[in-house]
Amino acid sequence: MKKKVLVIGAGIAGISAALELAKCDFYVYLLEKNASIGGWVSSFTCKAHDKCTKCSVCVAKRKIREVLVHPDISILTNSTLKQCHGEIGHFDVEIEQNPMHTDQELQEQKLAVHAIIPAIGFELFDVKQYGRLGYGRYRGVLTGFDLEKTMLENGNLHFPVNNTHAPSIAFIQCAGSRNDNNNYCSRVCCKYAMRFALLIKHLNPAVSVTIFFIDIQNAGKGFAPVYEECVGSIQFIRGIPVEVIENPGKRLEVRYENIAQGNVKRDVFDFIILSAGIVPRPGTWDLARKLGINLDEYGFFGTTGTFNSNDTNVKGIFTAGSCQGPKDIPDTIAHGIAAAERIVEVFAK
Amino acid sequence: MKKTREKTELSELTTGEKDNFVKNVLVTASSVSGMKTALEISRLGLKITLLEKETELQDNHADIVDQGTVEIRNSLLQKIEKDKNINVVSPASIIKIEGTAGNFSVKIKKDNDVFFQKYGAVVIAGQNLTETVPVFLNFHNTGIMSQQKLGRLLGDSPHTVSPVIRKAKTIAFVFNDSGENSRKLTMSGLKYTCLLKKNTNCEVYVFISHLIVDSGGMEKLYREARVLGVIFIKYNENYKIISNKNGSIGIAAKDIFLDADIELFCDILVIGEKFIPCIQEDGLKTGYDTEGFYQDANVYLYPVSSRRRGIYFVGECRGDQDMMRTNVDVLNAALNSYELLSGFDIHSGGNVKVESEKCKVCLTCIRVCPHQAIRLVPFSDPAQQEAKNVAGIFPEACYDCGACSAMCPAKAIDFEFKRAPLNEYSDEQILKEIECLKQDDLPVFCCAESAFLAAERAVEINLYYSPRVKIIRVPCIGRVDLIHLFKAFEQKVPGVLLAGCPEQACTHLEGNIRAKDRVKYARELLKGMGIGEERLGIVFIGPDMAHRFVREISEMLERCST
Ligand SMILES: Cc1cc2nc3c(=O)[nH]c(=O)nc-3n(C[C@H](O)[C@H](O)[C@H](O)COP(=O)(O)OP(=O)(O)OC[C@H]3O[C@@H](n4cnc5c(N)ncnc54)[C@H](O)[C@@H]3O)c2cc1C
Ligand code: SF4
Ligand code: SF4
Ligand code: SF4
Ligand code: SF4
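Residues numbered from 1 in each chain as written. Chains lettered and ligands numbered in written order. Predicted model: local features only at pLDDT ≥ 70, side-chain atom pairs only at ≥ 80, totals over all residues. Heavy atoms only, no water.

**Considering the site of ligand 2**
Turning to step 1, where the next piece is worked out: With respect to spatial proximity, 13 residues lie near ligand 2, and among them C46(A), C52(A), C55(A), S56(A) and C58(A) are the closest.
Turning to step 2, where the next piece is worked out: Looking at what sits near ligand 2, you find residues from chains A and B.
Turning to step 3, where the next piece is worked out: In terms of residue class, the shell around ligand 2 is made up of nine nonpolar, two polar and two charged. (Near = heavy atom within 4 Å. Nonpolar A, V, L, I, M, F, W, Y, C, P; charged D, E, K, R; others polar.)

Right, here's the structure in full:
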């Protein structure tokens, strides 16, 4: 009989782990609380202009297609974990499946599994908390995620036609990261901002693109050429704006401090993209409690062991992906596969 | 003489079936990551040979990031000694790797001996393959030192601080921010500034343009440094090293926030090294990234795969990887090797065959195969007296891209059309599809991994495109050869379009670039035939880009309809 593994969260981390386990002759239950799988990535778009900018969305989507047809992976959508008891080799778990239609009843299911991989991903920082940046108030203020969705759905951003101003867009980095509450860097937002900057410029050559930043995170394999391209064509301004307001012409005025001159500068844009930070999902604590695993100081799943980022304090439970801390897609996939390895290692004959 | 010996070695290799796969893994070099990989693979029940360049197992970078790694290394060494699955060979190095996944024949140099050994998979795990080089070599005794040297003089406790450091009142750092590979050195730089503040009384300044803080708790470390009193000066453009009359060394840069030129004189100026690859000899044929590290910068290969199935890269040899990431790489490479050698890695390739009789042994296919799947194999043609070597495709390494088929001048290579779904890519089938084209049709050769998916998505989200567009799916646009293009023009179509993966994201590494070259060449030929070059187009489209796809084909239609 096949060994069984429960993977909680069908984001790209969970999917990568599930695929690898199924390959190695395990049977996988892939639990997803939403109606569809893929997590955040499923609403992302390819960000290549003519050259690939290494966003890895294509790789992730290929995995999503693979997992949908794998015979040894049973995908349980609209489902969450209700309870979990036991130890490595025999966990008894109870699954709650929400009905598709309101007239059906809540279904419960009991499963026995050998190991568990929590891979529930991250939540975006709620940028409405930064009222002064105008999110939710002005239509032109979007988050990076809104931009991903719009670009996927429409293939482009539609700039208002205006004869008096050149169309323009600004990215405001670190919205909700690298501050007193979240003193870590979200890792992905500088890069996606630069990728989008290049893509938007490629699609609309007349548009000028500005990025407001603290430090640009340009490290990572294959990113050097992308950054170089940005340096030539995009305006980088150091410093995070204090305020965004709509001017009478319905354009967005960004006010930022110019320390050198000791005054406030103003620039006007059609769109403002806030690079909302990555924070733990609200459900992380609840799941950690049910599984008996610890959280780290920021509220992500904690791990044990020197330099090991998969093992939790409970044997047989291994975290995967961005629920352990911010990760880009390649790191998420690698982390998912690593979690699978930890399990295969235990049960391989 | 030597050449012929190699050749026989080559021809001795047999086509590998899963059962014939050698269950041994070669791991090199035996840095911390290499040792960990070996132990990990051992736990999965395979045998490992661990190659070490030096006479003893060692790790020449242990001191950069974390003093703790020395202890880790020692405990790993003990475990390796006890492990019966691991065989350490030193001092030895790889000269080249022949063969294909499951049946590599690795040429190894040990002492003065050179020999071939068979392995099923190879893991390159080399910190030894990288170097941190000081940016300034010619500043001896001037108060300038490299970060690594400072680290050694500093030690990790108040008692280990060298008098040279203790004497200094002001120490300034310039962190290396050369982009892609500056994570690890920034991390060690931050650690050193904190240590200086904790263990000495000096003033510490850091000059930096972009501080990399995106992993490993670096943002927290950056905060800690500031709380401890380290002063960070962020500059635009560049900095200059200066000196004054007293012989003190200093640094000049333009501070972005103050918009002012700053000059700072210090007792010690610490300049961050650059992290570079040091790959002297390369018989791996696995490609490099833009910075010269192993592994192509192609997202389909991440995290640890290479263009050759069965060869994996771990840790620093594929770029600047911190310990956390390296550890994840280790687990990935271990699992991949295990899957490959246990028959779990179901390989969908290997549906392309050489018709041995037709092969003229021009070696074109061997040169173009991105996955190193073609080698010379013995063949005795019944029509001819003597046996000769001809090109042979090793299915376990082939990924069905069709590049060889498009390039073979003798038309000796084709997709095997016996197997049901794949006959789609055979010459016969592609030509059939071309023959069905009507005069007004626009054939679009679409890469199955990118443009074809974009086309599918266009239908899904109800984007309209002209029914004159006829999509011909190919495994990679590198599959489309000149004959296909000319056959299409023979059908009097207004134009032909090739649509493949964006540059540097080709699933088959350089198929799209080859196609681009071929289009350029074909345009010349077309010009000679009186067909305008605008009628043959090539575009690069990502898999989601339905809108872009529709726009490109409409533009193409418009262009060639006039
Ligand atoms: C705007 C934006 C742009 C980005 N762009 C890029 C980019 O260009 N390149 C790149 O490499 N990375 C990018 N990233 C990062 C990328 O999104 C993450 O690396 C990736 O989504 C992480 O995947 P995951 O599986 O860990 O988490 P998620 O995608 O969050 O998936 C978690 C899954 O678990 C499910 N789940 C949650 N809680 C439960 C529960 N209790 N029970 C069951 N299921 C649950 C969720 O519904 C979800 O499906 C971007 C991120 C953002 C926010
Ligand atoms: S990595 Fe991103 S930009 Fe490159 S092809 Fe894939 S989806 Fe497009
Ligand atoms: S990646 Fe860039 S925008 Fe995101 S938190 Fe880090 S520094 Fe800020
Ligand atoms: S390209 Fe064709 S003719 Fe040349 S070696 Fe390969 S199979 Fe033989
Ligand atoms: S189809 Fe591609 S991978 Fe296979 S042998 Fe030919 S060139 Fe190599």
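**Some words on the domain arrangement of chain B**
Residue and element names in this part refer to chain B.
Turning to step 1, where the next piece is worked out: According to the domain assignment, chain B contains domain 1 (1-15 + 346-419), domain 2 (22-127 + 278-341), domain 3 (130-275) and domain 4 (426-562).
Turning to step 2, where the next piece is worked out: Look at where the C-alpha atoms of domain 2 and domain 4 centre, and you get two points 41 Å apart.
Turning to step 3, where the next piece is worked out: Counting from both sides, the interface comprises six residues of domain 2 and, opposite them, six residues of domain 4.
Turning to step 4, where the next piece is worked out: On the domain 2 side of the contact with domain 4, N298, Y300 and R307 bury the most area, a combined 80% of that side's loss.
Turning to step 5, where the next piece is worked out: Counting across the domain 2 and domain 4 interface gives one salt bridge.
Turning to step 6, where the next piece is worked out: Seen at the junction of domain 2 and domain 4, the total is two residue pairs in polar contact (both at pLDDT 80 or more).
Turning to step 7, where the next piece is worked out: Its residues assigned to classes, the side of domain 2 that touches domain 4 comprises three nonpolar, one polar and two charged. (Domains from an automatic or database assignment. Contact = heavy atoms within 4.5 Å. Buried area = accessible area lost by both parts, 1.4 Å probe. Salt bridge = Lys/Arg side-chain N within 4 Å of Asp/Glu carboxyl O. Polar contact = N/O pair within 3.5 Å; in protein donor to acceptor, adjacent residues only side chain to side chain.)

**Considering the site of ligand 1**
Residue and element names in this part refer to chain A.
Turning to step 1, where the next piece is worked out: Inspection of the region around ligand 1 gives 37 residues, with E32, W40, S322, K327 and I329 positioned closest.
Turning to step 2, where the next piece is worked out: Here E32 contributes a side-chain N or O atom positioned 2.5 Å from an oxygen atom of ligand 1.
Turning to step 3, where the next piece is worked out: The backbone of I329 places a nitrogen or oxygen atom 2.6 Å from an oxygen atom of ligand 1.
Turning to step 4, where the next piece is worked out: Isolated, ligand 1 exposes 990 Å² of accessible area, and the fraction of that covered by the protein chains is 97%.
Turning to step 5, where the next piece is worked out: Contributing elements (two or more residues each) for the shell around ligand 1: α1 (12-23), β4 (79-87), β8 (122-124), α3 (144-154), α4 (189-203) and α7 (329-347).
Turning to step 6, where the next piece is worked out: Of the residues in the shell around ligand 1, the class split is 18 nonpolar, 11 polar and eight charged.
Turning to step 7, where the next piece is worked out: Per-domain counts for the shell around ligand 1 show at least three residues from each of domain 1 (4-121 + 281-348) and domain 2 (125-277). (Areas by Shrake-Rupley, 256 points an atom, 1.4 Å probe, with all protein chains shown as cover. Helix = DSSP H or I, 4+ residues; strand = E, 2+ residues; numbered from the N terminus.)

**Considering the interface of chain B and chain A**
A common way to express how large an interface is: the accessible area buried when the components associate.
Turning to step 1, where the next piece is worked out: Contacts between the two partners involve 71 residues from chain B and, on the opposite side, 71 residues from chain A.
Turning to step 2, where the next piece is worked out: Roughly 6,000 Å² of surface becomes buried between chain B and chain A when both sides are summed, with 57% attributable to carbon and sulfur atoms.
Turning to step 3, where the next piece is worked out: Along the contact surface separating chain B from chain A lie 13 salt bridges.
Turning to step 4, where the next piece is worked out: Put simply, R223(B) and D180(A) hold a salt bridge, and the shortest N to O gap is 2.9 Å.
Turning to step 5, where the next piece is worked out: Linking chain B with chain A are 40 residue pairs in polar contact (both at pLDDT 80 or more), by the criterion used here.
Turning to step 6, where the next piece is worked out: Listing elements by their share of the side of chain B that touches chain A, those giving two or more residues are α2 (32-43), α4 (68-82), α8 (218-228), β12 (231-243), α9 (323-341), α13 (451-460) and α16 (546-561) of chain B.
Turning to step 7, where the next piece is worked out: By residue number, the principal contributor to the side of chain B that touches chain A is α9(B), which donates 12 residues.
Turning to step 8, where the next piece is worked out: Here the side of chain B that touches chain A is built from residues that sort into 31 nonpolar, 15 polar and 25 charged.

**Here's the deal with the pattern of salt bridges**
Pairs can form between side chains of opposite charge whenever their charged atoms are close.
Turning to step 1, where the next piece is worked out: Taken as a whole, this structure holds 55 salt bridges over all chains when the rule is applied.
Turning to step 2, where the next piece is worked out: When the shortest N-O distance is used, the salt bridge between R342(A) and E40(B) registers 4.0 Å. Here the residue R342(A) occupies a position in helix α7, and E40(B) occupies one in helix α2, the pair thus bridging two chains. E40(B) matches R342(A) in its accessibility class, with the two residues each being buried. (Buried < 20%, exposed > 50% of the residue type's maximum accessible area, 1.4 Å probe, protein only.)

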